[in-house]
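# Overview (structure and organization)
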Amino acid sequence: MTTSPRTWQPLRRIDREKLLLGFAAPALALATAFVIISLVMSLTGQNPFLAFQIMGDYGTKADSQVWIINKAIPYYLSAVAVAIGFRMNLFNIGVDGQYQVAAFFAAAVGGYLTFSGTLRIPFILLTAMAVGAIWAGIAGFLKATRGVSEVISTIMLNAIGGALIGYLLHDGRLAERTQNIVHTPYLPESTMFFTIQTDAGRIYGTIVIAIVAGLAYWYLLGRTRFGFDLRSVGESESAARAGGVSVKRMVITAMVLSGAMAGLVGMPTLLNDSGTFGNNFPGGIGFMGIAIALLGRNHAVGMAFAALLWAFLERTGGRLNFEGYNQEIVGVMQGIIVLSVVIAYELVRRWGLRRQQRMVGAQLAARAAATPAAVGAPVPMEKPPATTPGATGDRRAGQNGSDDPTDPEVP
Amino acid sequence: MIGRTTVADRVRPSGPLGSPAPAGTGRRCYAGRIRRGAIASTDLTAPLLRPRGECVIPASTIPADGPPADGVPAVELRGITKRFPGVVANHDIDITVRRGTVHALIGENGAGKSTLMKILYGMQKPDEGTITIDGERVSPSSPADAIRNGIGMVHQHFMLADNLTVRENIVLGAERAYGIGARSRRRIMEISDAYGLDIRPDVLVEEIGVADRQRVEILKVLYRGARTLILDEPTAVLVPQEVDALFANLRELKAEGLTVIFISHKLGEVLSVADDITVIRRGTTVASVVPAETSPGELAELMVGSELPVPDTGESTVTDEPVLTVSGLHLSGTDTEGTLREVLTDIDFTIHRGEILGIAGVEGNGQAELVEAVMGIRTPDGGRIELAGEDISRVGTRTRREAGVGYIPEDRHRHGLLLNAPLWENRMLGHVTERPNSRGGRLTIGDARRDTERIVAEHDVRTPGIDVTAASLSGGNQQKLIFGREMSHDPKVLIAAHPTRGVDVGAQSQIWDQIRRARARGLAVLLISADLDELIGLSDTLRVMYRGRLVAEADPATITPEELGTAMTGATAGGADSAGPADDQGATAPDPASGTGAEHDGRTDGGAR
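By convention here, each chain's residues receive numbers from 1 onward along its written sequence. Chains carry letters and ligands carry numbers; both start at the beginning, A for chains and 1 for ligands, and go up in the order they are written. Residues qualify for local features only when their pLDDT is at least 70, as the model is predicted, and side-chain atom pairs are given and counted only at 80 or more; totals for whole chains, interfaces and linings, by contrast, use all residues. The basis for every side-chain value is the complete set of heavy atoms in the structure, and neither hydrogens nor water enter the calculation.

Looking now at a nonpolar patch on the surface. Residue and element names in this part refer to chain A. Each patch is built from salt-bridge-free residues with over 30% relative accessible area, joining like charges within 9 Å and nonpolar side chains (Val, Leu, Ile, Met, Phe, Trp, Tyr) within 5 Å. Using a 1.4 Å probe, the Shrake-Rupley method yields the accessible areas, and only the shown protein chains count as cover for residues. What makes a salt bridge here is a side-chain nitrogen of Lys or Arg within 4 Å of a carboxyl oxygen of Asp or Glu, nothing more. Together, Phe-34, Val-35, Ile-36, Leu-39 and Phe-49 make up a nonpolar patch on the protein surface, roughly 490 Å² of accessible area in all. By definition, any uninterrupted DSSP run of H or I lasting at least four residues is a helix, any uninterrupted run of E lasting at least two residues is a strand, and each is numbered from the N terminus. No other element matches the 4 residues that helix 1 (residues 8-43) contributes to the nonpolar patch. In this fold, Val-35 is placed in helix 1.

Turning to the confidence of the model for chain B, a few remarks are in order. Residues and elements named next belong to chain B. pLDDT is a per-residue confidence score from the predictor, ranging from 0 to 100. Per-residue confidence for chain B averages 75 on the pLDDT scale, and 76% of its residues sit at or above 70. In what follows, a contact means two residues having at least one pair of non-hydrogen atoms within 4.5 Å. Contacts for the low-pLDDT stretch residues 1-69, under 50 throughout, to residues beyond four places or in other chains number 100 contacts. With a pTM of 0.68, the predicted complex shows an ipTM of 0.78.

What follows is about the environment of Gln-156 of chain B. By the element assignment, Gln-156 of chain B lies in the loop between strand 6 (151-154) and helix 6 (166-171). Residues Gln-156 of chain B and Leu-231 of chain B, spaced 75 residues apart in sequence, show a C-alpha to C-alpha distance of 7.5 Å.

Buried Ala, Val, Leu, Ile, Met, Phe, Trp, Tyr and Cys residues that are joined via side-chain atoms within 4.5 Å together make up what is termed a nonpolar core. Classification of residues uses two cut-offs on accessible area relative to the type maximum, computed with a 1.4 Å probe and protein chains only: under 20% is buried, over 50% is exposed, and between them is partly exposed. Grouped together as the largest cluster of nonpolar side chains are 101 residues, with contacts concentrated most on Leu-77, Met-267, Leu-271 and Met-333 of chain A. The biggest single contributor to this core is helix 3 (residues 62-86) of chain A, with 13 residues. Structurally, this core is a two-domain feature, drawing no fewer than three residues from each of domain 1 (1-46 + 326-367) and domain 2 (67-312) of chain A. Counting 48 residues, the second-largest nonpolar core is a separate cluster that includes Val-216, Leu-219, Leu-267 and Val-289 of chain B. Source of the domain bounds: an automatic or database domain assignment.

Below, the discussion takes up the sheet that holds strand 7 (residues 228-232) of chain B. All names here are of chain B. Note: two strands are recorded as paired if DSSP finds a minimum of 2 bridges between them. Spatial strand order, 6-7-8-3-9-10: 6 strands in an open sheet with mixed pairing. Because the sheet does not close on itself, it has two edges, and the strands there are strand 6 and strand 10 (284-289). With strand direction ignored, the average angle separating the axes of adjacent strands in the sheet is 20°. Pairing analysis gives 5 bridges linking strand 9 (residues 276-281) to strand 10, with the strands arranged antiparallel. The partner of Thr-278 across the bridge, within strand 10, is Ser-288. Only the contacting stretch of a helix is used when fitting its axis, a line to C-alpha atoms as for every element, and angles between N-to-C directions run 0 to 180 degrees. This element, helix 4 (residues 113-120), spans strand 3 (102-106), strand 6, strand 7, strand 8 (259-264) and strand 9 of the sheet and lies at about 150° to strand 8. Docked against the sheet, helix 9 (residues 210-223) engages strand 6 and strand 7, running at close to 165° with respect to strand 6.

Encoded structure:
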């Protein structure tokens, strides 16, 4: 313990501390999840270890890897869309509706486009982002102007979006029918995104979109003024307002950005796979995004791992079914993992905060002891700030439950 | 762990605070108590207090007008100490509440009143000390436990279900007592009649007003068999007539032998209803007085205390160059009832380069709103705010800050810091558009970090590094960081609301020094404070705020804390025997240095009452 005023040593130690905590949380979470899953499987009379082995073997096969990567692309985009809201304490539960409406209009526009050439793909992407942004922007606008909870409005917009698609996706309106499938006109081959050919299959070229989105997310939130404003609103709305952030404008902007990102969620499927939006277009990815954002702690890289884990579980779940296990066990696993992660992170965060406070206190006490002329100061009489009960939905973002940041006594 | 014990070992024996409470005597000596709370020299306070400083008779032997006490106090708290990790919220609390009395507990926000009541009500466990109820040692571990011991609490924010009837609300959770049928209704009416509570049991709670709801809450507590009621700031939500009605109810309760603990910081009310008054400051009991022998001014002084002698500001640096001019500022707001009320009325003042304008006043008289209006966080209904000749009334908070308005908020945890963010991010808060925090739209994190290091060094923020979260610093160091941040952007005017509240004494004098130095360099300061010595010691001009108006002006060179304390209570608003001091106050000469027209409202206001 150093007594000289400011050296580099304590700084480094805090950094190492941060790293330690960074690894402690996922390790604790996965270990807990592993144990609980094993227990659940044992209780239902299945052999968990055999199951894990099957999953490990099958999930790491080459063609599985390609499948998992392709599946993880939309998951990741969805998670980023949700995370933009989470960073600001907004719970955009409507990514699901946003991406479906966006994908539908993008597919329709793409199908009816008459000009050709390289501009078609950007045009489709921009359409999707714009539609997603508008759809989410409605919720943002309602929240900023009328105080409508974004949780409620985005859920309702999901339903409205479904109805809108149902109405327009009709033979003779914006769609055509092929056997049982009603779908928008197929995109011409030239409008499809590139793929990367490997021995085990094709990796979607839209992985580039996901990587760019991840980088943009990291840069925008972590390195720009706008991102700082957004995060400060998420940390403390009152402090941000006192600091000069227009919270209302920020709510709308964040929802628009989240919606634009959500608009991209359907693109890997549309541009690399189906080439059309039909009534068999995959749904529910928006809700997975919530789980993945929680799992990845809104971190650009963490969410990538989480998306891959999710895809891995889906891939191997099918295999388990084939081997005589109940496929539903995969859903159970996903649930247990999310719960373990959320609880473990919160525990580690609290533990880390207490530890940090103790360290700060201990170090200052040591320093004060070294300076005998320390003031015989009284104990500062501060009440520990009351925990501000935030909206439970927001709190689930796991952002920053402000629990007693009590101050270590510093004479 | 190590840190905590080390700190505790170091601090407790170091000052007079560590000395044990005068055990068993139950005797409270006013002057002596002041000394206990005081840290350094009491030179400044001693001559002031001595004239009134005779020892007050121990509470339990006071011949009061209330019903005769049978000797056993209803509630006795001895040596209560409560520590939170790193902070001590209460220490050595001694209170004796006589049965059948209204006992007021007064103290500034954050003095530790709420923690103490939470301990009594079983929501927190004390680390040391004993609780005795009706002569029996208890250690309530939950509110249910406290209720079994006959202690009930009426919270400041009512806990009623709007969509249930009054009777359902009362019975809810106490179904076992009198069932849910006719018996419960009979019992409710019995209690209501006995104490004149005038309850209508079958009305939906959403249909009744605030005062009625409060009576429902009181009845709820009585229904559960409470003999001692804790009322937490009960008058905060009431209009004056309702306050009178509440006090009538309290007298009824008292007459029936019940005991009321009344938490408040409204001195006039306390004086009119309480039989005994205990003052809490900085977590401990500093005085016990009886209303007949005290005055609002004296109580105000006891509440805010005199922690350190403040050297005077020295040479006046006031210039005649106006920096912040506020004229005709009006602000109205809706209260919980939905009625429109004037929060700020006709606020006019000018602060010049190198001038510190202090605003005195009991909290809740519009100071917080004034600060928020100047900062652009609230939109006033009318009036003009000029910064160095430029009208900033219509621009947003960020533009105002960029234009040179520094801000030290009253509640630093809610408005001044991102508690879970590292110090260098907190250094950006509020100034993210300015160098060294960003260039163009991009954050320049390296520069910001270096500048944070500088602030930490220059302002003596005691921290092991700039990567720790703001939450892990002590209050004083958090405040020094905020102060350093605001001063780093060369403000023209600094809006400082309670800049040294909850701050240890060392940090307090550092902040005072730095404010003085900044003033010498030409900074204009709007200082809002509840600490009278701070106000008198720092300010060049003093104004008193009462009910949303600036009612009086005083010269800090001649006014005493006592006089100021009296003026803060709205002169004679308390209805107590303060006519004399009020006149004295009105007679203090308006500061000739100030450029604004002198107001004598303080006097007329006092006279009108």
